[in-house]
There are 2 protein chains.
Amino acid sequence: MQQRVSLITLGVADVEIAKIFYQRLGWRVGLDVEETVLFQIGGSILALWSRDKLATDSGVIDGGSWGGITLAHNVGSPQEVDRVIDDARAAGARITREPAGTFYGGYAGVFVDPDGHPWEVAHNPGFELGDDGSLKLPPG
Amino acid sequence: MQQRVSLITLGVADVEIAKIFYQRLGWRVGLDVEETVLFQIGGSILALWSRDKLATDSGVIDGGSWGGITLAHNVGSPQEVDRVIDDARAAGARITREPAGTFYGGYAGVFVDPDGHPWEVAHNPGFELGDDGSLKLPPG
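Residues numbered from 1 in each chain as written. Chains lettered and ligands numbered in written order. Predicted model: local features only at pLDDT ≥ 70, side-chain atom pairs only at ≥ 80, totals over all residues.

**Student:** Give a description of helix H3 (residues 78-90) of chain A that names residues and reports values.
**Tutor:** Residues and elements named next belong to chain A. Spanning 13 residues, H3 covers 19 Å between terminal C-alpha atoms, matching the ideal 18 Å at 1.5 Å per step. Taken as a whole, H3 has its buried residues at Val 81, Val 84, Ile 85 and Ala 88. Buried residues of H3, seen end-on, are gathered within an arc of 100 degrees and therefore sit on one face of the element. Seen from the open side of H3, the exposed residues pointing more than 90 degrees away from its buried face are Gln 79 and Ala 90. Where H3 is buried, its residues meet strand S5 (69-74), strand S6 (94-101), strand S7 (107-112) and strand S8 (118-123). Of the residues flanking the end of H3, it is Gly 92, one or two places downstream, whose phi is positive at about 110 degrees. (Helix = DSSP H or I, 4+ residues; strand = E, 2+ residues; numbered from the N terminus. Expected span 1.5 Å × (residues − 1). Buried ≥ 20, exposed ≤ 12 C-beta atoms within 10 Å, placed from the backbone. Arc of directions from axis to C-beta. Contact = placed C-beta atoms within 7 Å.)

Here it is as structure tokens:
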């Protein structure tokens, strides 16, 4: 198995509502077909799809709450963290951690989308953030 | 907010056990520091970290089971789907959907990692899979 994630699917209660939230954050839909909304995110895809269908499709039981996965969106400065968290708040997200300094010397906050999926918005000076948005671990 | 995911953190019960599982799948650790294991996945990073700490860090309540996110790993052929699912089975994954044809004309199966995180392994002829592993939506 190659070392990559092709697609991240977020299970949602209502695909239209979820779509509008991400559009409010400034995202552009790449494909909207059969009650599935797909966004191109660099070399991968983020999909919004019915959470019920996703549970069935994945062969798992849905506990109905958070299930152990958090996404992160890294940015180039603490100021940008504040800005993205404010934008998320304005788009209707709940802020579960207001931006603050982190133990690793960075600065981050967390918002939760309308379907309960958390996003950490982080500035981490230890990781190289490319002009194309790529995030690179330091050479081993 | 730019349209990208920098980092995906999978909350796990035991970071060492989870690390060994992904290593058995052929992944190479990029950074192993402070009970966090990080893998470079293209222009993003996949992290393994304590699920308890991740819940606290994300400001969410942990329901203890699946929470509405499924990852996918796209490959170039149905045969490759079979191979990755077999490799995952050999590495100790539970197969929740044996590989089979899909409604969209592709071929896919699902395995669940030792911490309950599902991965769909899919061949989807409708999406362009680049030599670098990138997955592209058709032009809109």
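Once the structure has been displayed, the description carries forward.
**Student:** Provide a residue-level description of the pairing of S7 of chain A, including the pertinent values.
**Tutor:** Residue and element names in this part refer to chain A. Burial analysis of S7 places six of its six residues in the buried class, which makes it a mostly covered element. Side chains of S7 alternate between two faces, with Tyr 107, Gly 109 and Phe 111 and Ala 108, Val 110 and Val 112 buried alike. Both S6 and S7 contribute to a ladder of five bridges, which runs antiparallel. Along S7, the bridge assignment pairs Arg 97 with Val 110. Between S6 and S7, which follow one another and run antiparallel, lie five residues, and Gly 105 among them has a positive phi close to 85 degrees. Taken together, the six bridges between S7 and S8 define a ladder with antiparallel strand orientation. In the strand pairing of S8, Ala 108 is matched with Ala 122. Linking S7 back to S8 in an antiparallel pair, the connection comprises five residues, with Gly 116 at a positive phi of about 85 degrees. (Pairing = 2+ DSSP bridges.)

**Student:** Would you mind going over the interface of chain A and chain B in detail, with residue names and values included?
**Tutor:** Contacts between chain A and chain B engage 65 residues on the former and 66 residues on the latter. Here the side of chain A that touches chain B takes six residues from S5 of chain A, the largest share from any one element. Bridge count between strand S1 (residues 7-12) of chain A and strand S5 (residues 69-74) of chain B: four bridges; the pairing is antiparallel. By the bridge assignment for S5 of chain B, Leu 7 of chain A is matched with Ala 72 of chain B.

**Student:** Report on the domain arrangement of chain A, specifying residues and quantitative values.
**Tutor:** Residue and element names in this part refer to chain A. Along its sequence, chain A is organised into domain 1 (1-59) and domain 2 (69-140). If you average the C-alpha positions of domain 1 and of domain 2, the two centres end up 19 Å apart. Facing the 10 residues of domain 1 at the interface are 10 residues of domain 2. Those elements that place two or more of their residues in the side of domain 1 that touches domain 2 are S1 and helix H1 (15-24). With four residues, H1 is the largest single contributor of residues to the side of domain 1 that touches domain 2. A breakdown of the residues in the side of domain 1 that touches domain 2 according to their chemical character gives seven nonpolar, one polar and two charged. (Domains from an automatic or database assignment. Nonpolar A, V, L, I, M, F, W, Y, C, P; charged D, E, K, R; others polar.)

**Student:** Residues and numbers for the pairing of strand S3 (residues 36-41) of chain A, please.
**Tutor:** All names here are of chain A. In terms of burial, S3 is a largely internal element, five of the six residues being buried. Once strand S2 (residues 31-33) ends, the chain turns through two residues before running back antiparallel as S3, passing Glu 34 with a positive phi of about 50 degrees. Joining the antiparallel neighbours S3 and strand S4 (residues 44-50) is a turn of two residues, in which Gly 42 adopts a positive phi near 60 degrees.

**Student:** Pulling in residues and values, what's your account of the relation of the copies chain A and chain B?
**Tutor:** Laying chain A over chain B is done by rotating through 180 degrees and shifting 0.0 Å along the axis; what remains is an RMSD of 0.0 Å. The operation mapping one copy onto its partner corresponds to a two-fold rotation axis. Taking C-alpha positions as reference, the residue of chain A nearest the rotation axis is Gly 67 of chain A, located at 1.7 Å. (Least-squares fit on C-alpha atoms with pLDDT ≥ 70 in both.)

**Student:** Give a description of the sheet that holds S1 of chain A that names residues and reports values.
**Tutor:** Either a parallel or an antiparallel arrangement is found when strands of a sheet pair, and the pairing is made through backbone hydrogen bonds. Taken together, eight strands build an open sheet; the order of strands is S2(A)-S3(A)-S4(A)-S1(A)-S5(B)-S8(B)-S7(B)-S6(B) and the sheet is mixed. Both outer strands of the open sheet, S2 of chain A together with strand S6 (94-101) of chain B, are each paired with one neighbouring strand and no more. The average undirected angle you get between the axes of adjacent strands in this sheet is 20 degrees. Here S5 of chain B runs beside strand S8 (residues 118-123) of chain B; their pairing, made up of four bridges, is parallel. Opposite Ala 72 of chain B, over in S8 of chain B, you have Glu 120 of chain B as the bridge partner. With respect to the sheet, H1 of chain A is in contact with S1, S3 and S4 of chain A, its orientation differing from that of S4 of chain A by roughly 140 degrees. (Axes fitted to C-alpha atoms, helices over the stretch in contact; angles between N-to-C directions.)

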